Amino acid sequence: MSFSKRGGGKIAQEGKTIIIEGEAWKRRSGLGKYDQLLGGKSWEKRHLVLTATQLYYTALDDTEPRQVLNVLSEKATVMSTYSDTSHPTPYCLSIRTIDSLSQTETTKWKLCFEDRATLGLWLVALTDVVNEASCKDYNA
């Protein structure tokens, strides 16, 4: 398992409690995911930070979040996914969200981890965040 000792950088400075953080391969979004067809890289190694409500990622050499996924407001779901030879490792998960306009579920982020144990840690942590939010909505 490869976990960074970065301490969440700016995220920790903002007083947000970090549930888990570490490195993973993130599939590029938009047209970037098709870059492999042109000889480029469709997967990039990123540093991930999960708080009680949000998942952030940064470049490995930066502490400024590049993109933020609000797990609660985007009604994210998390699942382990089947991997193929185009993935950097066989230990993958998908984060799906509900599109606010069409009300359809789409894959927002796809992540691959170095080993099965790390994938398991992230699946449990993300599932706990989603379940906590679901229980709060249900009991509201």
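Residues numbered from 1 in each chain as written. Predicted model: local features only at pLDDT ≥ 70, side-chain atom pairs only at ≥ 80, totals over all residues. Heavy atoms only, no water.

## As for the sheet that holds strand 1 (residues 18–27)
Part 1: Ordered by their spatial adjacency, seven strands build an open sheet running 4-3-2-1-7-6-5, and the pairing between neighbours is antiparallel. The sheet is open, and its two borders are formed by strand 4 (67–70) and strand 5 (77–81), each paired with just one other strand. If you compare each strand with its neighbour and ignore which way they point, the axes differ by 35 degrees on average.
Part 2: Bridging between strand 2 (residues 43–51) and strand 3 (residues 54–59) involves five bridges; their strand directions are antiparallel. Bridge pairing in strand 3 links L48 to Y57.
Part 3: In this fold helix 2 (residues 116–139) packs onto strand 1, strand 2, strand 3, strand 5, strand 6 (91–98) and strand 7 (105–113), with an angle of close to 20 degrees to the strand it touches most, strand 6. (Pairing = 2+ DSSP bridges. Helix = DSSP H or I, 4+ residues; strand = E, 2+ residues; numbered from the N terminus. Axes fitted to C-alpha atoms, helices over the stretch in contact; angles between N-to-C directions. Contact = heavy atoms within 4.5 Å.)

## Things to note about the pattern of salt bridges
Part 1: Under the definition given, this model contains seven salt bridges.
Part 2: A salt bridge links D137 to K75, with the shortest nitrogen-to-oxygen separation between them at 3.8 Å. You can see D137 sitting in helix 2 and its partner K75 sitting in the loop between strand 4 and strand 5, a full 62 residues away along the chain.
Part 3: With a closest N to O distance of 3.2 Å, E105 and R96 form a salt bridge.
Part 4: Judged by its relative accessible area of 34%, E105 falls in the partly exposed class.
Part 5: What emerges from the salt-bridge pattern is a single network uniting R28, E44 and R46. (Salt bridge = Lys/Arg side-chain N within 4 Å of Asp/Glu carboxyl O. Buried < 20%, exposed > 50% of the residue type's maximum accessible area, 1.4 Å probe, protein only.)

## Let's talk about the environment of S80
Part 1: Residue position: S80 is located in strand 5.
Part 2: It is 9.0 Å that separates the C-alpha atoms of S80 and G120, two residues lying 40 residues apart in sequence.
Part 3: Contact partners of S80, with chain neighbours within four places excluded, come to C92, L93, L119 and L123.

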